[in-house]
Structure formats: C-alpha cells, structure tokens
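What follows is each chain in one-letter form.
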Amino acid sequence: MKKLSICKFLGVFVVIFHFSNLGLFAQPSVEFDAERVTTEVHNFLLEKSDDLKEVLILLDEQVDFKRLLVERELTQTTREDRIRTVLNSLREVADAHQVSFVEYLKTLDGVDHGSIHRHWIVNGISLSASAFAIGELSMHPEVALIEEKMVPIFDEPTESEVSVRSENGREPGHDLINAPALWEMGYTGYGTKVLVFDSGNDPFHPSANSSFLWHNYPLEWVWSGLGDYVMDCMSHGTHVGGIITGLDRRTNDTIGVAFNSRWMSAPIDFVGYCDRPFFQPMLSIVQAFEWAMDPDGNPNTVDDVPDVINCSWTSAGNQNCNNASSRQLMAALQAAGIAVVWIAGNDGPEFGTIEGLASINNGLVNSFSVGAVDFQGEIANFSSRGPAQCPVGDFSLD
C-alpha cells in the first residue's frame, strides 16, 4: 500500500509539472486600461512582476491654469495675490478629491499603505503597489493617468578650469554672455530669491555666505534638509550656486551672473552620489517642486516663495514631457510667476538632445533650458541642443 501511495503521489506530481509547463498554472495576465498608463508602467504590467512599483496616480480633476489666469486676472495683480490664488486653488482641488480616494486605496490589496503620499501641486497621490493593484487603479473612474515616479538624474559635469581669485575680478564667461552690459543697466539680481535644487550648498564658502537667505529668514524656509546642518554632499550645488549668486564681498571678486541675488537650497536625491542620513534630500521631482512653491507650509504667506528655481540636472528621457504631471508642474509654477531654469544637458553635439523636463514646450516662458559655450563664444561640443523633441507643445526655441 505504501508503494502504491508513493506511485500515486509521483503520478500526480508528474501531471502537475506537465500542465504547469503547458502554462495552465502560469501567473494570470494583469487587466488594465492601456490608455491610462505611461509606457514604463505599461511595460511593468506586462512583465507580471511580483515586485512593487513606485508610481504617481494622477487624478482626473486638475486646476485649469489658463482659465484661472483669465478669470482672476492674475497677470494684472500683485505677485503676492497671484501666488496666494494659485496655492489656494491647488490645495482646494486636492482636498476636494483625495480624501475619499485615499480611503479607497487603503482597502486595495497590493498597495503599500505606508507609501501613500498626497500631493497638491498636482492633484495626485504617489505610492508603491503591485501590478494587479496598479491595473485595478487604471480602471478607476477618477484616475486620469498612472506614471512612473519621476526622479532627478545627475548629469555628469564636464572638465573645467579652476578660476583664480582676484580683487575686483570677474569670470571670463561674463563677457562672453555680455553680463556686464546688463549690470550697467541695473540688472544684478538685487531683491531676487533664487532656489538652487542640487546637492546642497556650502553656506561657509566665501562667495556664498553673505548671500544665503538664512540671514533674513528662518532656516526651515530656505533649507529643506534635516535639522540645522546646511551642507553640500558633493560640491556640485555650491559650484552651481556660485555661478548664479556668487560674490566674495571681501575682495569684490564677482563669480555669479546675478551677484546681488540671494539663495536658498533644497538638496536633491541623486541616487548613488550622496548617502548622508542627516541630509534628507527630496526623493521625487513632484515633492521637490511642492516644497519650492510653499517652503513655510503656509499658503497665505508668500515672502518665502522663490522668484527663480535653478535645476542643473535632468530627468528620465523625453517621455517626461509627455507625462501629464510634468506639464501640470510647470504650468503651476508659471501661473505663480516663478521662473524655472534647466540645464540643456551634456549630451551634445547632436540636435534635439535636450531631454526630460527641460524639453517641455507648452509656452515660450514655461520652462527655460540653458546650454554652454566655450571660450571662443561657440556652442560647446558637449552641450545638448534644441529644438525640443516633445510632441505635446508648440513652442521651442532652436
């Protein structure tokens, strides 16, 4: 009897193994709405992976900024009223549509409840979820699009020469871009707040110390890192900030183009480049710009909001300009009157090599990207070039 039982067991095992090889026990396909997921999410769902994926769920209801600008006459009002109107409109839409949706998310199998994070700069929710949960979410009537979480990418810098400090000196590049002519007209950055999204900033650097907004505002308004330890984990941010606002007031050595402006800093998480537990960098692009639009967390105060945001990094490829959240981000910042400047990138010399958020072309002033020139005044060989290859917008300067 024992031998017979063993034979029966082995026979059943062979049958199961045979049918499993035929695909009868294969993991079922994930059902999803292909029109509501981006290419990266679509590919993940087809893989039938058991892993969780970090995504942004963009809800259908969003602020219509073109309508808001016209109805509230924002271009004719003060900067303060304009920012307050945009911030309150964004928060009202998010509060009206996210509460019940979050409760739904908590009932859904395959969603990491601890990863759920609400956003207001776009009406969306970021989270980590399984393929089956993402598929079910794509068919929810309130969902407009599911995107892969956008993360910043560090663009490796090219080699550069070290400048020599000198009294009353200035950088050779200033003459190449004709900056002195603007200075003579009074355009020195005076009264302008510049937010540098980068690897941090060294507040004790002689060209940076006096222009740090910490001298004028609470530290938590001008530094998004953890605690009161302001730092630069890899010197890139200090270098970038110096190009913009740098001025050694002991020697009057002019390093920055807008040397009378003042800076604030928000460290970005460049994966693989900086690992400091006390650094607390921004983990996503949406989170970063959300802090930028309201550093003190109070939509009724606007003195904390920067005039200009500099981003000397890129994001993952041209698909970012097709993402609804990318366009909504840049539209929100433009509506609030905040200028956003990106690097064109270091992927030249071919045309059409500007990628990511820098390639968004919804309008002539929606997003700027700046390339590089050499000491002869020619476009540097490494510098990325336009025109933008984003098929969504209609505006691009070559």
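Residues numbered from 1 in each chain as written. Predicted model: local features only at pLDDT ≥ 70, side-chain atom pairs only at ≥ 80, totals over all residues. Heavy atoms only, no water.

Q: Would you mind going over the sheet that holds strand 2 (residues 117-119) with me for this structure?
A: The strands that make up a sheet are held in pairs by hydrogen bonds between backbone atoms, and each pair lies either parallel or antiparallel. Pairing is antiparallel in the open sheet, where four strands are placed in the order 2-3-1-4. One side of each edge strand has no neighbouring strand; the edge strands of this open sheet are strand 2 and strand 4 (143-148). Between one strand axis and the next, the sheet turns through 25° on average, direction left out of account. Pairing of strand 2 with strand 3 (residues 124-129), which is carried by three bridges, proceeds in the antiparallel orientation. Residue histidine 119 lies in a different strand from strand 3, and its bridge partner there is glycine 124. Contacts from helix 4 (residues 79-105) reach strand 1 (53-59), strand 2, strand 3 and strand 4, with the element oriented near 160° to strand 2. (Pairing = 2+ DSSP bridges. Helix = DSSP H or I, 4+ residues; strand = E, 2+ residues; numbered from the N terminus. Axes fitted to C-alpha atoms, helices over the stretch in contact; angles between N-to-C directions. Contact = heavy atoms within 4.5 Å.)

Q: Looking at this model, I keep getting lost on a nonpolar patch on the surface. Mind explaining?
A: Taken together, the side chains of Leu176, Ile177, Val257, Val373 and Phe375 define a hydrophobic patch exposed on the protein surface, amounting to about 430 Å² of accessible area. Relative to the helices and strands, phenylalanine 375 is located in the segment after strand 11 (368-370). (Patch = residues over 30% accessible without salt bridge, like charges linked within 9 Å, V, L, I, M, F, W, Y side chains within 5 Å. Areas by Shrake-Rupley, 256 points an atom, 1.4 Å probe, with all protein chains shown as cover. Salt bridge = Lys/Arg side-chain N within 4 Å of Asp/Glu carboxyl O.)

Q: Is there a simple way to think about helix 2 (residues 39-47) in this case?
A: Residues spaced three or four apart along an α-helix point in a common direction, a consequence of the helix completing one turn every 3.6 residues. Where helix 2 is concerned, the buried positions are Val41, Phe44 and Leu45. Take helix 2 and look down its axis: the buried residues cluster within an arc of 100°, on one side only. The outward face of helix 2, more than 90 degrees from its buried face, is lined by the exposed residues Thr39, Leu46 and Glu47. Residues of helix 2 that are buried make contact with strand 1, helix 5 (131-138) and strand 4. Following helix 2 by one or two positions, lysine 48 adopts a phi angle in the positive range, close to 55°. (Buried < 20%, exposed > 50% of the residue type's maximum accessible area, 1.4 Å probe, protein only. Arc of directions from axis to C-beta.)

Q: Help me understand the environment of tyrosine 190, please; the structure alone is not making it clear to me.
A: Tracing the backbone shows tyrosine 190 in the loop between helix 7 (179-184) and strand 5 (193-198). Judged by relative accessible area, tyrosine 190 falls into the exposed class, the value being 72%. For tyrosine 190 and alanine 258, which are 68 residues apart along the polypeptide, the C-alpha to C-alpha distance reads 7.7 Å. Discounting residues that sit within four places of it in the chain, tyrosine 190 has contacts with Asn260 and Ser261.

Q: Looking at this model, I keep getting lost on the side chain of histidine 140. Mind explaining?
A: Mapping histidine 140 onto the fold places it in the loop between helix 5 and strand 4. The contact partners of histidine 140, leaving out residues within four places of it in the chain, are Arg36, Phe101 and Tyr104.

Q: Where do I start with the packing of helix 2 against helix 5 in this structure?
A: A pair of packed helices is captured by two measures, namely the crossing angle of their axes and the spacing between those axes. Running from amino to carboxyl end, helix 2 crosses helix 5 at an angle of 130°, the nearest separation of the two axes being 9 Å. In terms of orientation, helix 2 lies oblique with respect to helix 5. Where helix 2 crosses over helix 5, the handedness of that crossing is left-handed. Mapping the contact onto sequence places Val41, Phe44 and Leu45 in helix 2 and Ala131, Ile134 and Gly135 in helix 5. (Parallel < 35°, antiparallel > 145°, perpendicular 65-115°, else oblique. Left-handed = near helix turned anticlockwise from the far one by under 90°.)

Q: Just to check I follow, could you spell out unusual backbone geometry for this structure?
A: Note: most peptide bonds trans; most residues except glycine with negative phi. Cis peptide bonds are those with omega within 30 degrees of zero, and the linkage from glycine 348 to proline 349 qualifies with 10°. Secondary-structure assignment places proline 349 in the loop between strand 10 (339-343) and strand 11. The omega torsion across glycine 386 and proline 387 is 0°, close enough to zero to call that bond cis. Take proline 387: it is sitting in the segment after strand 11. One non-glycine residue, serine 235, lies in the positive phi region at around 75°. The residue serine 235 is located in the loop between helix 8 (219-222) and helix 9 (236-245) in this model. Using a relative accessible area of 48% as the deciding quantity, one classes serine 235 as partly exposed. Even without being glycine, asparagine 252 reaches a positive phi, approximately 60°.

Q: For this particular structure, what's the right way to read the layout of surface pockets?
A: Rolled over the atoms, a probe sized like a water molecule indicates the empty space that remains. In this structure, the second largest pocket occupies an estimated 410 Å³ of space. As for the second largest pocket, its lining consists of 13 residues, and the residues nearest its centre are Phe65, Lys66, Ala331, Asn362 and Asn366. Counting residues per element, the ones that place at least two in the lining of the second largest pocket are helix 3 (65-71) and helix 11 (324-335). The greatest single-element share of the lining of the second largest pocket, amounting to five residues, is contributed by helix 11. Split by residue class, the lining of the second largest pocket holds five nonpolar, five polar and three charged. (1 Å grid on protein atoms, 1.4 Å probe; cavity = no way out; pocket = protein on both sides within 12 Å on 5 of 7 lines; lining within 4 Å. Points joined across faces, edges and corners; volume = space filled by probe spheres on them. Nonpolar A, V, L, I, M, F, W, Y, C, P; charged D, E, K, R; others polar.)

Limitation: the analysis is restricted to geometry and does not speak to function.
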